[in-house]
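Residue strings, one per chain:
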Amino acid sequence: MLFDLFGVIARPQSAEGKDRLSRTAGVSAPAFWDAYWALRPPYDRGEIRGPGYWRRVADSLGTHFDDHRIAELIEADIAGWSAVDDTMVSLIEELAAQGRRLALLSNIPEELASYYQARHTWLNHFQIRAFSCHIGHAKPEPDAYRWCRQALREEPDRILFIDDRQDNVRAAEAIGMRGHLFTTSTRLREHLAQEAAR
C-alpha cells in the first residue's frame, strides 16, 4: 500500500496557515498564491531549499524578502501543513500491526520533511518513505511512481496507491498500479475490505 501524505494522513494546508503565510509575505493573496504554487515544483523536488524558493517567490511578485522574513515564511509554511488526521494515523498503525507492507509517496520540501521526521514516530511504519525532495521526482510525474515501484521491488499491479487528488491517482494507474481516490478513512476501510474479499 502506497500512501500520499497530505490530504490523506496529514491534513491539507489549513485556512489559518494560508492566512498567516500571505500576511507574513505582505502581498495580496491572489498574486501570492499564484507565485507560491507556480514555483513550488523545484522546491518539492529538492532542487532548491527554502531560502531559494522564497527568493524566487519574492522576485516573481516584484518584492524582496530579507533573511528574517524568509525564516518567518518557512516557519509559517510548515505550521500550515503540520496537522495530522488521528483517525488515519490509527488506521496506519492497525495496518502495520496486521503485517501490511506500507510505503509513502509525498510531494514535500526538505524543511517540511525534516519537521515530520523529527515529530511523528508513526512514519516508522512505512518501509519506504519516498519524499519528493529526497527522490528528485514529484507527483504526478511518472518517475515518482516508478521510483517507488523499484524501491518496493513489486510488480505495479500489486501496489495500491492512495491519494486525494484524481490526477495523482490516474498517473499511478497509468504505470499499472491500482488506485484509490481518498475521500474519508471510512471509505478507505470499505475499499480495503472489498479488496481483501476478492
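What you are looking at is a predicted structure, and each value in this text was computed from that prediction instead of being measured.

## What to know about the sheet that holds strand β2 (residues 103-106)
Within a sheet, adjacent strands bond to each other through the backbone by hydrogen bonds, running parallel or antiparallel. Within the open sheet, the 5 strands sit side by side as β3-β2-β1-β4-β5. Their pairing is parallel. For this open sheet the edge positions go to β3 (128-131) and β5 (178-181), each flanked by a neighbour on one side alone.

## Some remarks on the state of the cysteines
Going through the model one piece at a time under the given rule, you end up with 0 disulfides. Of all cysteine sulfurs in the structure, the one in C133 sits closest to C148, which takes part in no disulfide; the separation is 13 Å.

## Side note on helix α2 (residues 29-38)
Every buried residue of α2 is listed here: F32, W33, A35 and Y36. Viewed along the axis of α2, the buried residues span an arc of 165°, placing them on a single side of the element. When the buried face of α2 is taken as reference, the exposed residues oriented beyond 90 degrees from it are P30, D34 and A38. Those residues of α2 that are buried are in contact with α1 (15-25), α3 (40-44), α4 (50-61) and α5 (67-80).

## A short note on the pairing of β2
Alternating residues of β2 divide into A103 and L105 and L104 and S106, and every residue in both groups is buried. Alignment of strand β1 (residues 2-3) against β2, held across 2 bridges, turns out to be parallel. Following the sheet pairing, L2 is matched in β2 by A103. Inspection of the sheet shows β2 paired to β3 by 4 bridges, in the parallel sense. Following the sheet pairing, A103 is matched in β3 by I128. Considered for its hand, the β-α-β crossover made up of β2, helix α7 (residues 110-119) and β3 is right-handed.

## A word on the layout of surface pockets
Considered as a void within the structure, the largest pocket measures approximately 600 Å³ in volume. As for the largest pocket, its lining consists of 25 residues, and the residues nearest its centre are W37, D44, N107, R165 and N168. For the lining of the largest pocket, the elements supplying multiple residues, two or more each, are α3 and α10 (166-174). In terms of residue count, α3 provides more of the lining of the largest pocket than any other element does, 3 residues in total. Here the lining of the largest pocket is built from residues that sort into 10 nonpolar, 5 polar and 10 charged. For the second largest pocket, the lining is made up of 14 residues, of which M1, R100, R101, R158 and I159 are closest to its centre. In terms of residue class, the lining of the second largest pocket is made up of 8 nonpolar, no polar and 6 charged.

Cut-off values and rules
- Residues numbered from 1 in each chain as written.
- Predicted model: local features only at pLDDT ≥ 70, side-chain atom pairs only at ≥ 80, totals over all residues.
- Heavy atoms only, no water.
- Pairing = 2+ DSSP bridges.
- Helix = DSSP H or I, 4+ residues; strand = E, 2+ residues; numbered from the N terminus.
- Disulfide = S-S within 2.5 Å.
- Buried < 20%, exposed > 50% of the residue type's maximum accessible area, 1.4 Å probe, protein only.
- Arc of directions from axis to C-beta.
- Contact = heavy atoms within 4.5 Å.
- Right-handed = clockwise from strand over helix to strand, strands pointing away.
- 1 Å grid on protein atoms, 1.4 Å probe; cavity = no way out; pocket = protein on both sides within 12 Å on 5 of 7 lines; lining within 4 Å.
- Points joined across faces, edges and corners; volume = space filled by probe spheres on them.
- Nonpolar A, V, L, I, M, F, W, Y, C, P; charged D, E, K, R; others polar.

That is the geometry; function is a separate question.
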